[in-house]
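Residues per chain, in single letters:
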2 protein chains.
Amino acid sequence: MTAGGNAEPVGSCPTPLPPGEAVLLGHGSGGRLTSELIDGIFLDRFANPELARLGDSAVVEVGGLRLAFTTDAFVVTPAFFPGSDIGALSVNGTVNDLAMVGAAPLFLSAAFILEEGLLVEDLTTISDSMAEACRVAGVTLVTGDTKVVERGGADGIFITTSGVGLVPDGLDLGPDRLLAGDVILVSGPVGTHGVAVMSQRAGIGFDVDIVSDTAPLTGLVEEVLAAAEVHCLRDATRGGLATVLCELASASQVRLLLREADVPVLDAVRAACATLGLDPLYVANEGVCVAAVAGSDADAALRAARSHPLGARAAIVGLVESGPEGVQLETAVGTRRPIHMLAGEALPRIC
Amino acid sequence: MTAGGNAEPVGSCPTPLPPGEAVLLGHGSGGRLTSELIDGIFLDRFANPELARLGDSAVVEVGGLRLAFTTDAFVVTPAFFPGSDIGALSVNGTVNDLAMVGAAPLFLSAAFILEEGLLVEDLTTISDSMAEACRVAGVTLVTGDTKVVERGGADGIFITTSGVGLVPDGLDLGPDRLLAGDVILVSGPVGTHGVAVMSQRAGIGFDVDIVSDTAPLTGLVEEVLAAAEVHCLRDATRGGLATVLCELASASQVRLLLREADVPVLDAVRAACATLGLDPLYVANEGVCVAAVAGSDADAALRAARSHPLGARAAIVGLVESGPEGVQLETAVGTRRPIHMLAGEALPRIC
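Residues numbered from 1 in each chain as written. Chains lettered and ligands numbered in written order. Predicted model: local features only at pLDDT ≥ 70, side-chain atom pairs only at ≥ 80, totals over all residues. Heavy atoms only, no water.

Across its 18 residues, helix 4 (residues 120-137) of chain A extends 25 Å between first and last C-alpha, which sits within 8% of the 26 Å expected from 1.5 Å per residue. Positive backbone phi, approximately 70 degrees, marks A:Gly138, located one or two places after helix 4 of chain A. (Helix = DSSP H or I, 4+ residues; strand = E, 2+ residues; numbered from the N terminus. Expected span 1.5 Å × (residues − 1).)

Okay, the packing of helix 5 (residues 192-202) of chain A against helix 8 (residues 267-276) of chain A next. Residue and element names in this part refer to chain A. Where helix 5 meets helix 8, the closest approach of the two axes is 10 Å, and the angle between their N-to-C directions is 55 degrees. By the criterion of interaxial angle, the relationship of helix 5 to helix 8 is oblique. In terms of crossing hand, the pair formed by helix 5 and helix 8 is left-handed. Two secondary-structure elements touch here, helix 5 through Thr-192, Val-195 and Met-198 and helix 8 through Val-269, Ala-272, Cys-273 and Leu-276. Partitioning the contact of helix 5 with helix 8 into residue classes produces 6 nonpolar, 1 polar and no charged. (Axes fitted to C-alpha atoms, helices over the stretch in contact; angles between N-to-C directions. Parallel < 35°, antiparallel > 145°, perpendicular 65-115°, else oblique. Left-handed = near helix turned anticlockwise from the far one by under 90°. Contact = heavy atoms within 4.5 Å. Nonpolar A, V, L, I, M, F, W, Y, C, P; charged D, E, K, R; others polar.)

Our focus in this paragraph is the relation of the copies chain A and chain B. Mapping chain A onto chain B calls for a screw motion: a turn of 180 degrees about the axis and a shift of 0.0 Å along it, with 0.0 Å RMSD after fitting. When the rotation and shift are considered jointly, the pair of chain copies conforms to a two-fold rotation axis. Residue A:Ala154 of chain A places its C-alpha closer to the rotation axis than any other residue of that unit, at 2.0 Å. In this assembly, 100% of the residues forming the interface of chain A have copies in chain B that are likewise at the interface, indicating an isologous arrangement. (Least-squares fit on C-alpha atoms with pLDDT ≥ 70 in both.)

Often the size quoted for an interface is simply the accessible area lost on bringing the parts together. Taken together, the contacts link 86 residues of chain A with 86 residues of chain B. Interface area for chain A against chain B, summed over the two sides, is near 6,900 Å², with a carbon-plus-sulfur share of 70%. A per-residue breakdown of the area chain A buries against chain B is headed by A:Val23, A:Phe69 and A:Val120, which together make up 10% of the total. At the junction of chain A and chain B, the tally comes to 6 salt bridges. Salt-bridge contacts for A:Asp128 lead to B:Arg45; the nearest nitrogen and oxygen are separated by 2.4 Å. In this structure, the connection of chain A to chain B is made through 23 residue pairs in polar contact (both at pLDDT 80 or more). Residue assignment for the side of chain A that touches chain B shows that the elements contributing at least two residues are helix 1 (32-45), helix 2 (49-52), strand 1 (58-62), strand 2 (65-74), strand 5 (104-115), helix 4, strand 6 (140-149) and strand 7 (157-166) of chain A. (Buried area = accessible area lost by both parts, 1.4 Å probe. Salt bridge = Lys/Arg side-chain N within 4 Å of Asp/Glu carboxyl O. Polar contact = N/O pair within 3.5 Å; in protein donor to acceptor, adjacent residues only side chain to side chain.)

For the rest of this paragraph, the subject is the packing of aromatic side chains. Under the definition given, this model contains 4 aromatic pairs over all chains. Centroid distance A:Phe42 to B:Phe112: 4.5 Å. Interplanar angle 25 degrees. Geometry classified as stacked. Of this pair, A:Phe42 sits in helix 1 while B:Phe112 is found in strand 5 (residues 104-115), placing the two residues in two different chains. Here the two residues A:Phe42 and B:Phe112 agree in accessibility, since each one is buried. With a centroid separation of 6.5 Å and 80 degrees between ring planes, the pair formed by A:Phe69 and B:Phe69 is classed as edge-to-face. In this pair, A:Phe69 sits in strand 2 while B:Phe69 sits in strand 2 (residues 65-74), so the two residues belong to two different chains. For A:Phe69, a relative accessible area of 1% puts it in the buried group. (Phe/Tyr/Trp six-rings, centres within 6.5 Å; stacked < 30°, edge-to-face > 60°. Buried < 20%, exposed > 50% of the residue type's maximum accessible area, 1.4 Å probe, protein only.)

Shown next, in the form of structure tokens:
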């Protein structure tokens, strides 16, 4: 069960949720509270091995085929933000969840929840954007649903997309498959999407335009899979790179070392994060993935990623070590400190 | 593209939606306005034959298999209503959309949009209800997503489920496959779900408890398909029986005759509809389907439906005639008049 496309916590010791407690914004952050909600309520009730794996997509067998199946609700606010909108985001997000298990996207569904009063013009623009994103990703939207709720019953527009793809034979990627000696590759600069949405929301104009990185990662993933032995792919959305690495360390029970100086961040995003008080390692991405690759294939994977336009700034940012489970950050000045999942909710409704 | 699980209008002459216009509650009714929204915005942009068919589920080919794929957003208010809640409804609704193309349900996804402040206790009850509905329907929930929006950004809880099923070889059901001479079978009494939700919402207590009919129709459908030549199945949710029949008449370009006196309606529901000013033919059902069956198999289909507990009150309620496209109602007193799709929105947020 993914919470937000990927930032699915796989906490080993969830705090039980007491009755009488209320859902908080942080339960949707993709961080520790989301983990508690999922572990405390959903995993027990819907107990099955595929759900428990908490991958970006479930991989299920049907008639001898291995299908990838995934869903994501998009509630981003505002619906229009620099570089894109909720329409393209809702297509790319689900396409990327499929890509993270190595699946090419085949079919999408879209369920719209519209607030009474939404401008038809805006819905039309969003639909155009979805259709274009489907075309670019090579996926067909084959079924949908539309509900309308009264004014105040929702916030403009929510879109839930689900996707079906085909997983190639012999490929078995998963958050629990990291091995000591693997390297951690990041496919592009981090933090861009979150900062783009936040700047729009806060009405902050930065000197340099920062636009969302939302994009389909299928092509880039194909290049990397063809070139290297990959153990895990993960879409670094809610909770950002840091939270994703914490999940992987926990699921694989390994120690990860992340070298801060090697993590690509656009200068404008770094400056904006400094202004907004954000750490780019915890800011959401919508077109960046993390790959755990066999150490011997590090160079091949990096070359393959950089051969794709979306991976021009890919980098090896860390490695899997033997040692106690967790993530260690090697700072720019050479010290080490442990880092943890996003604890609260710095950027609500970012996707 | 289904609007609400099934009540998908297939209007032949949609009114274009002018820019500047706003989305109305009626655009989510499953009736004429929904048809205009879907035809005017979505169908052109996502043009493909499967979407254009507007079935309850899309049927797509993957590696030689015929998969059914469907999605529905559930926004029912209140989330708890007599006999059930949004959790079971969200499972049964998608299971039934799969059943309408003859598919047994295999896998479900669930995407939750939660309003900050929702009681964890209520979410737990809803999850229990979903898990039990999955168990009864024999379907596995394998992937999910959870988003939280701030207070006032949504109304408690919305759940979007998507489902994948396998369509048996050689079976090709569709709203465009009705033939003159077919009979129309209804699997149970109509209007019950809508009245159950409305009575809860309005705080109206009826002498006789009216509880939602939400239930998985897979087993009943299997019985009918095994016994009779079926041309179309349709889940009579939003817009009710009348709207569904209008859609089928339009999609197949045939004339349907509906005999009012033969339509099963629980006495308590009939009385409640009289009180509330509703026509049970237009009130939503969540455990009732409509089947178009070859006339020669009418008795066999009826026996098969009645052999299933959910079909004990199944009835043949009409037939497909040659003649101009449309639906004619033969009233209890023997007169005939045309009936049309639900035009506005009598019962918003019923599913």
